Structure formats: structure tokens, C-alpha cells
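Inside the fold
The chain contents come next:
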Amino acid sequence: MADILTPEERREHLIPMGEVGWGAVSGRDAIRKVYIFRDFVEAWGWMSRVAIWCEKWNHHPEWLNVYRTVDVTLTTHDADGLTNLDIKLAKKMDALAGASTAASHQSDLSEPIACLCNPDAPR
Ligand SMILES: C[C@H](O)[C@H](O)[C@H]1CNC2=NC(N)=NC(=O)C2=N1
């Protein structure tokens with residue numbers, strides 16, 4: 001089973017991800033990003049491409065699609081928190097999303113990702 005990310009790994013990986021739209025889920029050891037695609041076909045196509053990697057890696061997102069928006073939460077249920085699998089899947093999602101945009105009011109949707117680097121945070 002994958003191990004929970006260490007404080008060092010959190011600083012190394014999560015802080016740069018905060019720059020590209022990833023945030024923290026309030027009260028959980030989980031990350032969140034809201035992708036906005038051009039239309040429903042682009043959103044669903046992306047989800048299909050991501051799903052192939054999820055099956056390959058046996059690691060699956062919590063996600064919600066409404067028309068051209070996909071709201072993604074990543075965490076490792078078996079470990080009850082963030083592991084390398086979440087970082088790997090988040091990076092794959094960003095790579096496959098190409099020119100899609102993250103929600104512009106990200107701060108209204110998630111906590112700043114840096115709070116997941118705080119060893120005192122609940123997890
Ligand atoms: C039995 C199977 O390995 C598990 O249920 C897998 C499937 N996909 C998963 N996805 C996520 N995000 N976390 C998990 O712990 C997980 N576990």
C-alpha cells in the first residue's frame with residue numbers, strides 16, 4: 001500500500017501544484033481542482049482519457065461533472081490521506097487537460113494547498 005506523503009514530499013510536490021490550480025479540501029487530507037473545458041464533449045473526452053490511467057494504476061478520483069466543468073478531489077482511501085498516487089494522477093490529469101482552464105475563483109472553492117504541508121493539520 002502507498003504511504004502517506006511526508007512533510008518534505010508535501011512541500012516539494014504540493015506547493016508547485018498550488019500554482020496551477022490545485023487546492024486543499026477543508027477538513028480532509030485531499031486535494032481539489034475544478035477544470036473548465038470548452039464544452040461537454042471536451043470534458044467527457046478528458047474524463048475518458050483520465051479513466052484509462054485510473055484503471056491502469058488502480059487509483060480513482062472523486063469527481064463531479066456538470067456540463068463543461070469537472071470538480072476533482074484526490075485522496076488515497078486505503079491510506080486515509082494523500083500519497084504519491086494522488087500526485088501522479090494529478091499530474092497526469094493536468095497533462096491530459098492541455099489548454100483547459102482551472103476555475104478562476106479557486107480561492108472560493110478550496111483552501112490554500114499549503115495547509116496540507118502543516119504537520120499539525122488534521123488528517
Ligand atoms: C481494492 C482496490 O485496490 C482499491 O479499492 C483501490 C481502488 N481505487 C482507489 N482509488 C483511490 N483514490 N484510493 C484508493 O484507496 C483506491 N483503492
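Just above, that's the structure.
Within every chain, residues take consecutive numbers counted from 1 along the sequence as written. Reporting of local features is limited, given that this is a predicted model, to residues whose pLDDT is at least 70; pairs of side-chain atoms are given and counted only at 80 or more, and all residues count toward the totals for whole chains, interfaces and linings.

Quick word on the pairing of strand β3 (residues 62–66)
So the rule is basically this: At least two DSSP bridges between two strands are required for those strands to pair. Only DSSP runs of H or I covering at least 4 residues are called helices, and only runs of E covering at least 2 are called strands; the numbering of each starts at the N terminus.
Strand direction decides the pairing type here: β3 and strand β4 (residues 69–74), joined by 5 bridges, are antiparallel. The residue bridging leucine 64 from the neighbouring strand is aspartate 71, located in β4.

Quick look at unusual backbone geometry
To be explicit about the condition: Three exposure classes are used, all based on how many other C-beta atoms lie within 10 Å of a residue's own C-beta (placed from the backbone): buried at 20 or more, exposed at 12 or fewer, and partly exposed between those limits.
Phi is positive for asparagine 58, close to 50°, though the residue is something other than glycine. Looking at the secondary structure, you find asparagine 58 in the loop between α2 (40–57) and β3. Owing to 8 C-beta atoms within 10 Å, asparagine 58 belongs among the exposed residues under this scheme.

Some thoughts on the packing of α2 against helix α3 (residues 84–97)
The description of two packed helices rests on the angle between their axes and on the distance between the axes. This is how it is decided: Lines fitted to the C-alpha atoms define the axes, with helices restricted to the stretch that makes contact. Angles between their N-to-C directions range from 0 to 180 degrees. Angle categories are assigned with fixed cut-offs, so that under 35 degrees is roughly parallel, over 145 is roughly antiparallel, 65 to 115 is roughly perpendicular, and the rest are oblique. Two helices cross in a left-handed way if the nearer one is turned anticlockwise from the farther one by less than a right angle. They cross in a right-handed way if the turn is clockwise. A residue pair is marked as a contact if its C-beta atoms, positioned from the backbone, fall within 7 Å. Under the grouping applied here, Gly and all other residues not named as nonpolar or charged are polar, the nonpolar ones being Ala, Val, Leu, Ile, Met, Phe, Trp, Tyr, Cys and Pro and the charged ones Asp, Glu, Lys and Arg.
Interhelical geometry of α2 versus α3 gives an angle of 150° and a closest axis separation of 10 Å. Judged on the interaxial angle alone, α3 and α2 are roughly antiparallel. Pair α2 / α3 crosses with right-handed handedness. Together, Trp46, Arg49, Val50, Trp53 and Trp57 of α2 and Leu85, Lys88, Leu89, Lys92, Met93, Leu96 and Ala97 of α3 make up the contact between the two elements. Here the contact of α2 with α3 is composed, by residue class, of 9 nonpolar, no polar and 3 charged.

Section: the environment of alanine 99
Here alanine 99 shows up in the loop between α3 and β5 (101–102). Residue classification places alanine 99 among the exposed residues on the basis of 7 C-beta atoms within 10 Å. Along the primary structure alanine 99 and tryptophan 22 are separated by 77 residues, whereas in three dimensions their C-alpha atoms are 16 Å apart.

Things to note about the pairing of strand β2 (residues 31–36)
Of all 6 residues that make up β2, 5 are buried, and the element is covered over most of its length. Pairing of strand β1 (residues 23–24) with β2, which is carried by 2 bridges, proceeds in the antiparallel orientation. Within β2, the position partnered with glycine 23 by the bridge is arginine 32. Adjacent in sequence and paired antiparallel, β1 and β2 are bridged by 6 residues, among which glycine 27 carries a positive phi angle near 80°. Here β2 pairs with β5 via 2 bridges, running antiparallel. Paired with tyrosine 35 across the bridge in β5 is alanine 102.

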